[in-house]
Amino acid sequence: MLTAIVLIKTSADRIPEVAEQISDIPGISEVYSVTGDWDLIAMVRVHRHEDLADVIADRLSKVEGVVGTNTNIAFRTYSKHDLEAAFSLGID
């Protein structure tokens, strides 16, 4: 599985609508509204490298209201949350 983190600038008056449209794109697992220099962050998870172009360049970047993007492709995932879930015995 390939993961990409896409930072997205949008038209200020369309942030919720843009987030909803992006979240409907197959391959987008989450969309976050954030503070700072970017308006939204989308998590892209696909099986093939070629699918990144389809999701990001061909679909996400063409959503009305998307002004700019910056894509970061993940090499590895480090997450205590994932490790805890993997080794959990279901005992609280």
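Residues numbered from 1 in each chain as written. Predicted model: local features only at pLDDT ≥ 70, side-chain atom pairs only at ≥ 80, totals over all residues. Heavy atoms only, no water.

The name given to the chain in an unreviewed UniProt entry is AsnC family transcriptional regulator, and the organism recorded there is Kocuria rosea subsp. polaris.

(A) Quick peek at helix α2 (residues 49-57). Looking only at α2, the buried set comprises Leu 52, Val 55 and Ile 56. Buried residues of α2, viewed axially, fall in a sector of 85 degrees; they line one side. In this structure, the buried side of α2 is in contact with β1 (2-10), β2 (28-33), β3 (40-46) and β4 (66-73). (Buried < 20%, exposed > 50% of the residue type's maximum accessible area, 1.4 Å probe, protein only. Helix = DSSP H or I, 4+ residues; strand = E, 2+ residues; numbered from the N terminus. Arc of directions from axis to C-beta. Contact = heavy atoms within 4.5 Å.)

(B) Highlighting the nonpolar core. Counting residues in each nonpolar core, the largest one holds 19 residues, and the members touching the most others are Ile 8, Ile 22, Ile 28, Val 44 and Leu 60. Listed by contribution, the elements that provide at least two residues to this core are β1, α1 (15-23), β3 and α2. Those residues within four positions of Leu 60 in sequence are excluded, and the remaining contacts are Val 6, Ile 8, Ile 22, Ile 25, Ile 28, Ala 42, Val 55, Val 66 and Thr 69. (Core = buried A, V, L, I, M, F, W, Y, C linked by side-chain atoms within 4.5 Å.)

(C) The arrangement of the pattern of salt bridges in detail. One pass over the full model with this rule turns up two salt bridges. Between Glu 30 and Arg 45 there is a salt bridge, with its nearest N and O atoms 2.6 Å apart. Remark: Arg 45 occurs in strand β3 and Glu 30 occurs in strand β2; sequence separation between them is 15 residues. We classify Glu 30 as partly exposed; its relative accessible area is 26%. Taking the shortest distance from any N to any O, the salt bridge between Asp 51 and Arg 48 comes out at 2.9 Å. On the basis of relative accessibility, which here comes to 21%, the residue Asp 51 falls in the partly exposed class. Take Arg 48: its relative accessible area is 48%, and that puts it in the partly exposed class. (Salt bridge = Lys/Arg side-chain N within 4 Å of Asp/Glu carboxyl O.)

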